[in-house]
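Report on the structure
What follows is each chain in one-letter form.
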Amino acid sequence: MSPPCHTSALLLVFMALAVAGAEQSEERSCDVIGDESSESQMERALLKKLEPLSHMRFNMTVEKGKTENYIYHFRVCREVNSTTHDFGGLVQTDRQSGKTTVIGRINETQVFNGSDWIMLIYKGGDSYGRHCSGEKRRAVIMISCKRGVTASSFSIISEEREKEQECFYLFEMDSSVACPAENSHLSVGSILLITFVSLIAVYIIGGFLYQRLVVGAKGMEQIPHFAFWQDLGNLVADGCDFVCRSKPRNAPAAYRGVGDDQLGEESEERDDHLLPM
């Protein structure tokens, strides 16, 4: 084989391996039960809201005496083990025997919510043995609101398997994704005040830059409409002086100085003899 053909063959092999690896690495996501066209806008919005949790893995160990010792593996809208292609979103592993049981699958998902919680249900798990008439398992995960926490406190609450039908595993966890959007607590007056202050700041800064860069003003003349504000200040000062004056405007001013009583009496003796005759 010539060198160019050998190089082309190697490139084709690498491309095939890359495509195969990409297909294997691509993870499946939640598929809401029913036709794709029948998914409601609310369901799609909730699945998008849960997206920040999809890259996280949750594990929990449960021991019930010597007979039941399990590890539960959970992922939100992703397969726990993508290499098995079993759509398992919540899987139980027996620590003694190593047996793995799929509790619920992401290709049979239900999702709905309340004011501060989201309920995620995986159906289509492995069949029960002698419980619940051999029906398929399902996992119910209650995600409660807890602000400031992406996800925590994943735990199992109970397993209902003593009924004839509709048995389930109930789990719970805390997450901020289940919290409602916080409403603004600003009043109308606060909003108007913020708007007014912002406009004043724009006026002062913009006017200052215009006076300095365009007009070429210096010193106090850089203040926008400086003459107007100066006249306004004088008018305000005159008005305050007129309103707040504490004495009558026509009262004569009292001046302290040399009084008449300090001048003394004019001497009756006159210097007539000094005058020319």
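Residues numbered from 1 in each chain as written. Predicted model: local features only at pLDDT ≥ 70, side-chain atom pairs only at ≥ 80, totals over all residues. Heavy atoms only, no water.

Thoughts on the overall build of the chain
- Broken down by element type, the chain carries five helices and eight strands.
- Evaluated residue by residue, the chain yields a buried proportion of 25% over its 277 residues.
- Considering only contacts in the chain between residues 6 or more positions apart, those separated by 24 or more positions represent 49%.
- For the chain, the accessible area works out to roughly 19900 Å², and carbon and sulfur atoms hold 56% of it. (Helix = DSSP H or I, 4+ residues; strand = E, 2+ residues; numbered from the N terminus. Buried < 20%, exposed > 50% of the residue type's maximum accessible area, 1.4 Å probe, protein only. Contact = heavy atoms within 4.5 Å. Areas by Shrake-Rupley, 256 points an atom, 1.4 Å probe, with all protein chains shown as cover.)

A closer look at the sheet that holds strand β6 (residues 139–145)
- The strand order across the open sheet formed by eight strands is β1-β2-β3-β4-β5-β6-β8-β7, and the pairing between neighbours is mixed. Each of the sheet's edge strands pairs with one partner strand only, and the pair in question is β1 (58–64) and β7 (152–160). Taken over all neighbouring pairs, the strand axes of this sheet differ in orientation by 25° on average, direction set aside.
- Of the strands in this sheet, β4 (100–113) and β5 (117–124) touch helix α2 (residues 41–49), which is tilted by about 120° from β4. (Pairing = 2+ DSSP bridges. Axes fitted to C-alpha atoms, helices over the stretch in contact; angles between N-to-C directions.)

Overview of the state of the cysteines
- In total, this model carries three disulfides according to the counting rule given.
- Each disulfide pairs two cysteine sulfurs, and for Cys-145 the partner residue is Cys-179, the sulfurs being separated by 2.0 Å. As the torsion about the S-S bond is roughly 100°, the Cys-145-Cys-179 disulfide counts as right-handed. You can see Cys-145 sitting in strand β6 and its partner Cys-179 sitting in the loop between β8 (168–175) and α3 (188–215), a full 34 residues away along the chain.
- Note on Cys-179: relative accessible area 8%, which makes it buried. (Disulfide = S-S within 2.5 Å.)

Observations concerning the side chain of Glu-68
- With respect to the helices and strands, the residue Glu-68 is situated in strand β2 (residues 68–74).
- Glu-68 sits in the buried class, given a relative accessible area of 17%.
- Within polar-contact distance, the side chain of Glu-68 engages the side chain of Arg-161 at 3.2 Å.
- Not counting residues within four places of it along the chain, the set of residues in contact with Glu-68 comprises Val-62, Glu-63 and Arg-161. (Polar contact = N/O pair within 3.5 Å; in protein donor to acceptor, adjacent residues only side chain to side chain.)

Some points on unusual backbone geometry
- If you check the backbone angles, Cys-77 has positive phi at about 55° while not being a glycine.
- Note on placement: Cys-77 falls in the loop between β2 and β3 (88–94).
- Backbone geometry places His-225, a non-glycine residue, at a positive phi of 55°.
- Counting through the fold element by element, His-225 comes out in the loop between α3 and α4 (226–244).

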